[in-house]
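Notes for the structure review
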Amino acid sequence: MARIRKIEIANFRGIQQLAWCPAPGINCLIGPGDSGKSTVLDSIDLCLGARRNVQFSDADFFGLDITTPISITLTLGDLDDSLRTLESFGAFLRGYHATTGAVEDEPSALAEVVLCLNLTVASDLEPSWTLVSDRAAQQGIVKTLAWKDRVALAPTRIGALADFNLGWQRGSVLNRISEERADASAALIKAARDARSSFGDQAEQQLGEALGIVTTTAQELGVHIGAKARALLDSHSVSFGGGTISLHSEGGIPLRSLGVGSTRVLVAGLQRKAASQASIVLSDELEYGLEPHRIARFLGSLGAKEAAPMQVFLTTHSPVALRELSGGQLFVLRRCANGHEARLVGADDGIQSTIRVYPEAFLAGSVIVCEGASEIGLLRGLDLYRLDQGSISLAALAVALVDCGGGDADRPYARAGAFQALGYRVMVVRDDDKKPTPAIEQAFVHNGGTVVAYRAGRALEDELFGSLTPAACQKLINFGYDLHGDLIHEHLRTVSNNTLTVQAVWDEIQTTGALSVAHRATLGQAARTRKAGWFKSISWMEDVARTIVAPDLHQCNQGFRALVDQVFEWAAHGPR
Amino acid sequence: MGPAEIDLRAITRGTVTAPAGCGKTQLIAQALAGHRSSKPILVLTHTNAGVAALRGRLDRAGVPTTAYRLSTIDGWAIRLISTFPGRSAHDPEILRLAVPARDYPAIRDAAWRLLQAGHVSEVLKSSYAHLIVDEYQDSSVPQHHIVYFLSLILPTCVLGDPMQAIFGFRGNALADWNQQVCTHFPVVVELTTPWRWRNAGAEVLGQWLLEARRQLAAGQSVDLRSGPPGHVTWMQAVPPNDHAQRLAAAKTVPPTADGRVLIIADSRNRAAQQNFASQTPGASTVEAVDLQDLMAFCTSFDVHSPDALGQILALAQSVMTNVGIAELNRRLESLSRGTARNPPTEAESRAMEFLRAPSLATAIALLSDLRALPNVRVHRPTIFYGVLKALRHSSTGTIPLVEAARRVREESRLLGRPLPKRAVGSTLLLKGLEAEVSVLLDTEGMSAQNLYVAMTRGSMKLVVCSASPIVG
């Protein structure tokens, strides 16, 4: 078995340059559409696959520029002894440093022994697979892998048409799970003979007239065919090619008639059994045809929860799949200024829990990191109202919301920074009652992040009661009363030292048509009573935002409206 | 312990002491024949001749070539460092072997340093299952270093016999058997069955030689009169008749019709060896692999030089018996003056023809005619036929004579040499060769090792010429 330690792609399809050191186990590529994920899988397949002829076209060259050759180099480690002998591969054995990803031309005591396999396609479109090393090039030594080695190294592709692997065709995983080979030839030849003899008499009855004419004509012309012509099964037409033998259920139904999902799960499982021989698996759009629970099984059988039993390259757009994987198995593939980059999601900064709870965020283009549940609820509610009004939803704009769960004021930036490092466009929405460390926020902004904070020292409840129209404020109080009953009277009395009651607020609005700044502040404070906030849950705040805040925005305080507009403006201008 | 009971592959670090003729090569062949792993066993020895001989033995024993990789230590070292030039960091010039005396030591040093650094350990573990080194007593200190560091990477078994260590000369310090070799490769077993003599029906001679080896190893002398009668013959050689006595010994008749005789003369005196070959009917010399005289002739020979004929005749005289060069010269002189009474013989005509139209082709014809003269016998066939071959290669005009000679030399180095039925040489030249009879013309000045090697060349009979029956 072998593992790919490094992948270098140049001028292949949409990828001008990529150098990536994948993990020894699962490598799941995520990233925006057309970012080249499938191209990476195809590169591996083309470079390492055992195919005698591969068709390339001008369209396979980056930017259709056929003057710059396509070059795909795979650095292979964990090699079988037979692939790293002095006599056969001496001049091509190199050293790979896992910590730096550097490949040295010769092995060293501190590096892993590796081979570099290169596929080059120049303008003549003829692919050439060779092993590469600087010293061999200097000495003019050229070497290709023997066919049997290429067959051994060839990755298994679990594609949409995985049923290929359910028969004993060449290259099928069935040939890898055991050394047994069925020899059907003798039985088939006998069957063909039997068929021939038993069919012979029938044919004579069915074709009697024609046979009679043939016999007479032949006799007239003196062509010797014996007493009479016979119609027999042509022995050449009863022949069986490779792949004659395939898997069937107990009832005799071919397994390739199973559903797409079952086929793929089964083939993945078989591949797992064959991992000791061929250890590299490719699967594009891994979720294809699979229900959520089968995605988990599929990944499980590929070794997602084990210590890298085989190396797997996947792409996915499924949050369900992400949730089953760890940050060490996820790579974000992005187009950058000078080529492509594959960045490890990793397990730092609580990112693992973010994968579990907000997998969608990793599949989005823009991420809004919300300080707490209130902010999530607010944005969701506003989003739903806008959707009702005919706007495009945040989800459709490829914007994902991530909850930080409150706590320390710097926490959102840790999470936002992790997304930022992976190349996502990130916004932080936070309240201002507890301020973050200025330097941390500045660094975030410096790296291209956007911050939307409530105004001067306010929490969300302060903003709502401070900004909305008196009528909307009444609705807020009613909403709170419906949820919490008399508790909210108590909260108001407590924070106002018995100077303000709901009734007083009602009277004020009734008589003046307005609500004083002082009373608004007191209401805000009461609404965010510690551990008993009136709207402190995602769904409560979502309802508040959708039914009270959003319809009031056009007539409320313009400063608050500007904050909300900033969020949706930003969302509307991201990468799709 | 018989060879069948020893499996070299079971020895992970150790020495098998193997006195001459005790089945060492058989042991190696058995180990390789029984080897079924996908990784081959690396077998190293010292000389190309050793490689050729061992390969022949293994082929005859039907050992599959996939079971082993066979090379000289130096050849393998060259391959190793040239595969990893960056890690080895040697001067690339040394691989051209322009100055062997300087380059080989540099190659060996580079090789053991590369092994010591550990950069290639994984590669070697992947490449070989085991290491077997033959003729280990001939290992120089740097060669021992190479094997030492290899033994830290691969299970290693070395075979050798300190009593056959005769290659320590000219600054080629051998690894000390007890201090260096046996401390790192502890002796696992010493072979004690004299297979070569047992198979020849002369086990009593074999046993006596093992006893003689023990005495020589202990620094004692051997009394030739104690040898088994009929197998060991002592012939006293004392002046002034010693030369005639030695010639008589050289004519010893082998006990079987197709038996071969090895005649061992003074190693330091090549002229004496050639002289005995010339004077002993049916004898020819064994030449050193560098084929010095072939190279010397081909380097200096120039068909257009005034002395070209002289060079050819001098060569002819040095490799053939009874050519009668003095007489020939006299005849050529009178023929060219036109005073000769008898018409020229065929050879004389050829010589005249060469003088008129000197060319490589006429030189070849002349040498062939001289060879065909009555009573003429080639006693140095390797040189004579080597020169002819080089002349023929070069006469097509494509390569210079020196280059042709070099190719002849390399070819013979790789192919090894066919053993004449009666061969004259030294212990150094005849080591590794076997015959039915071994004749020692002179034991004077021979070390215990040289003496032991010389005495063990014959499987049926040993003849020794010396002043005293007590030798060593």
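Cut-offs and rules
- Numbers given to residues run from 1 along each chain, matching the order in which its sequence is written.
- To label them, take the chains in the order written and letter them from A, then take the ligands in the order written and number them from 1.
- Local features in this predicted model are restricted to residues whose pLDDT is 70 or higher, and side-chain atom pairs enter the listing and the counts only when it is 80 or higher, whereas totals over whole chains, interfaces and linings include all residues.
- Remark: hydrogens and water are excluded; side-chain values derive from all non-hydrogen atoms of the structure.
- Think of a salt bridge as a Lys or Arg side-chain nitrogen and an Asp or Glu carboxyl oxygen that are within 4 Å of each other.
- Starting at the N terminus, helices and strands are each numbered in turn, a helix being any DSSP run of H or I of at least four residues and a strand any DSSP run of E of at least two.
- Each residue is assigned to one of three classes by its accessible area relative to the maximum for its type, calculated with a 1.4 Å probe on protein chains only: buried under 20%, partly exposed between the two thresholds, exposed over 50%.
- Only residues above 30% relative accessible area that lack a salt bridge enter a patch, with like-charged residues linked at up to 9 Å and the nonpolar side chains Val, Leu, Ile, Met, Phe, Trp and Tyr linked at up to 5 Å.
- A 1.4 Å probe and the Shrake-Rupley method give the accessible areas. Residues count as covered only by the protein chains that appear here.
- Pairs of residues are marked as contacts when any of their non-hydrogen atoms sit within 4.5 Å.
- A simple way to read buried area is as the amount of 1.4 Å-probe accessible surface that goes missing from two parts once joined, with both sides added.
- Two N or O atoms form a polar contact when they lie within 3.5 Å of each other; inside protein one atom must be a possible hydrogen donor and the other a possible acceptor, and for residues adjacent in sequence the pair counts only when both atoms belong to side chains.
- Pairing between strands is defined by DSSP: at least two bridges between them are needed.
- Lines fitted to C-alpha atoms define the axes here, with helix axes fitted over just the stretch in contact, and angles between the N-to-C directions of these axes take values from 0 to 180 degrees.
- For this text, the term disulfide refers to a pair of cysteine sulfurs within 2.5 Å.
- Buried Ala, Val, Leu, Ile, Met, Phe, Trp, Tyr and Cys residues that are joined via side-chain atoms within 4.5 Å together make up what is termed a nonpolar core.
- Definitions for this section: a left-handed crossing has its near helix turned counterclockwise from the far helix by less than a right angle. A right-handed crossing has that turn clockwise.
- Residues are grouped as follows: nonpolar covers Ala, Val, Leu, Ile, Met, Phe, Trp, Tyr, Cys and Pro; charged covers Asp, Glu, Lys and Arg; every other residue, Gly included, is treated as polar.
- Here is the rule for angles: anything less than 35 degrees is roughly parallel, anything more than 145 is roughly antiparallel, 65 through 115 is roughly perpendicular, and the remaining ranges are oblique.
- A 1.4 Å probe that fits but cannot get out identifies a cavity on a 1 Å grid over protein atoms alone, an open set with protein on both sides within 12 Å along at least five of seven lines counts as a pocket, and a residue lines either if it has an atom within 4 Å of a point.
- Grid points are joined across faces, edges and corners, and a volume is the space filled by probe spheres set on the points.
- Each Phe, Tyr or Trp ring, with Trp reduced to its six-membered ring, pairs with another whose centre is within 6.5 Å; inter-plane angles below 30 degrees give stacked pairs, above 60 give edge-to-face pairs, and intermediate values give tilted ones.
- The predictor attaches a confidence to each residue, called pLDDT, with possible values from 0 through 100.

**Description of the pattern of salt bridges**
Residue and element names in this part refer to chain B. Following the criterion strictly, the structure yields 58 salt bridges over all chains and no others. Between aspartate 138 and lysine 431 there is a salt bridge, with its nearest N and O atoms 3.7 Å apart. A residue pair is termed long-range when its members are at least 10 positions apart, and aspartate 138 in the loop between strand S4 (130-133) and helix H7 (141-151) and lysine 431 in the loop between helix H20 (427-430) and strand S14 (435-440) qualify at 293 residues. Given a relative accessible area of 6%, aspartate 138 falls into the buried group.

**Some words on a nonpolar patch on the surface**
Residue and element names in this part refer to chain A. Together, Val214, Leu221, Val223 and Ile225 make up a nonpolar patch on the protein surface, roughly 360 Å² of accessible area in all. Mapped onto the secondary structure, leucine 221 falls in the loop between helix H7 (208-220) and helix H8 (260-273). The class of leucine 221 is exposed, set by a relative accessible area of 66%.

**Focus: the interface of chain B and chain A**
Facing the 20 residues of chain B at the interface are 16 residues of chain A. For the pair chain B and chain A, the summed buried area comes to about 1,500 Å², and 52% of that belongs to carbon and sulfur atoms. Across the pair lysine 39 of chain B and aspartate 81 of chain A runs a salt bridge, and its minimum N-O distance is 2.7 Å. Counting every contact that joins chain B to chain A gives 13 residue pairs in polar contact (both at pLDDT 80 or more).

**Things to note about the sheet that holds strand S15 (residues 399-403) of chain A**
Residue and element names in this part refer to chain A. One open sheet accounts for four strands, arranged S15-S14-S16-S17; its pairing is parallel. The open sheet has two edge strands with one neighbour each: S15 and strand S17 (450-453). The mean inter-strand angle of the sheet, taken between neighbouring strand axes irrespective of direction, is 20°. In this fold helix H13 (residues 373-388) packs onto strand S14 (366-370), S15 and strand S16 (425-430), with an angle of close to 155° to the strand it touches most, S15.

**Regarding the state of the cysteines**
In this structure the tally under the stated criterion is zero disulfides over all chains. Here cysteine 116 of chain A stays unpaired: no disulfide links it, and the sulfur of cysteine 47 of chain A, its closest cysteine neighbor, is 10 Å away.

**A look at the pairing of strand S3 (residues 26-30) of chain A**
Residue and element names in this part refer to chain A. Burial runs high along S3: five of the five residues are buried. The side-chain alternation of S3 yields two buried faces, one formed by Ile26, Cys28 and Ile30 and the other by Asn27 and Leu29. Pairing between S3 and strand S11 (residues 311-315): four bridges, direction parallel. Within the sheet, the bridge partner assigned to asparagine 27 lies in S11 and is phenylalanine 313. With three bridges joining them, S3 and strand S12 (residues 330-336) adopt parallel strand pairing. From the neighbouring strand, cysteine 28 faces S12, where its bridge partner is leucine 330.

**Some words on the sheet that holds strand S15 (residues 458-466) of chain B**
Residue and element names in this part refer to chain B. Taken in spatial order, the six strands of this open sheet run S8-S15-S14-S9-S13-S10, and their pairing is parallel. Because the sheet does not close on itself, it has two edges, and the strands there are strand S8 (232-236) and strand S10 (284-285). This element, helix H10 (residues 203-217), spans S8 and S15 of the sheet and lies at about 55° to S15. Relative to S14, helix H21 (residues 448-455) is tilted by about 140°, and along the sheet it contacts strand S9 (261-264), S14 and S15.

**Comments concerning the nonpolar core**
Core analysis: the largest hydrophobic core is formed by 101 residues, its most contacted members being Leu302, Phe362, Ile368, Leu382 and Leu468 of chain A. Counting residues per element, this core draws most heavily on helix H22 (residues 558-572) of chain A, at seven residues. Setting aside residues up to four positions removed in sequence, leucine 382 of chain A forms contacts with Ala545, Val549, Ala550, Leu553, Val564 and Phe568 of chain A. Grouped together as the second largest cluster of nonpolar side chains are 80 residues, Ile7, Ala91 and Leu282 of chain A together with Ala175 of chain B included.

**Describing the packing of helix H11 (residues 242-250) of chain B against helix H12 (residues 270-279) of chain B**
Residue and element names in this part refer to chain B. Running from amino to carboxyl end, H11 crosses H12 at an angle of 65°, the nearest separation of the two axes being 10 Å. Remark: the crossing between H11 and H12 carries right-handed chirality. Counted together, His243, Arg246 and Leu247 of H11 and Asn275, Phe276 and Gln279 of H12 form the full contact between these two elements. A breakdown of the residues in the contact of H11 with H12 according to their chemical character gives two nonpolar, three polar and one charged.

**What to know about the packing of H8 of chain A against helix H9 (residues 292-301) of chain A**
Residues and elements named next belong to chain A. Running from N to C, H8 and H9 cross one another at 20°; their axes reach a closest spacing of 8 Å. For the element pair H8 / H9, the angle class is roughly parallel. In this structure, H8 meets H9 at a crossing whose hand is left-handed. Every residue of H9 that contacts H8 at Gly261, Ser262, Arg264, Val265, Ala268, Gly269 and Arg272 is listed here: Arg294, Phe298 and Ser301.

**Some words on empty space enclosed by the protein**
Residue and element names in this part refer to chain A. Tallying each qualifying case throughout the model produces three cavities of 30 Å³ or more. Taken as a whole, the largest cavity spans an internal volume of roughly 60 Å³. Leu378, Leu379, Leu382, Val429, Val452, Tyr454, Phe560, Leu563, Val564 and Val567 are the residues that line the largest cavity. Listed by contribution, the elements that provide at least two residues to the lining of the largest cavity are H13 and H22. No other element matches the four residues that H22 contributes to the lining of the largest cavity. Split into classes, the residues belonging to the lining of the largest cavity amount to ten nonpolar, no polar and no charged.

**Some remarks on the packing of aromatic side chains**
Residues and elements named next belong to chain A. In total, this model carries 15 aromatic pairs over all chains according to the counting rule given. Between tryptophan 20 and phenylalanine 313, the aromatic rings sit 5.9 Å apart at their centres with planes inclined by 85°, giving edge-to-face as the arrangement. On the criterion of sequence distance, the pair formed by tryptophan 20 in strand S2 (residues 15-20) and phenylalanine 313 in strand S11 is long-range, its members being 293 residues apart. Assessed through its relative accessible area of 2%, tryptophan 20 is described here as buried.

**Here's the deal with the confidence of the model for chain B**
Residue and element names in this part refer to chain B. Confidence along chain B averages 91 in pLDDT terms, with 98% of residues attaining 70 or more. Taken element by element, the predicted model of chain B shows its lowest mean pLDDT in H20 (85) and its highest in S4 (97). Across the interfaces of the predicted complex, the ipTM metric reaches 0.77, alongside a pTM of 0.80.

**Re unusual backbone geometry**
Residues and elements named next belong to chain B. Cis geometry is found at the peptide bond from proline 239 to proline 240, where omega equals 5°. By secondary structure assignment, the location of proline 240 is in the loop between S8 and H11. Of note in the backbone geometry, leucine 291 takes a positive phi value of approximately 40° without being a glycine. Secondary-structure assignment places leucine 291 in the loop between S10 and helix H13 (292-300). For leucine 291, a relative accessible area of 4% gives the class buried. At asparagine 375, a position not held by glycine, the phi torsion is positive, near 70°. For asparagine 375, the location among the structural elements is in the loop between helix H17 (360-372) and strand S12 (377-378). Taking the relative accessible area as the measure of exposure, asparagine 375 reaches 67% and is therefore exposed.

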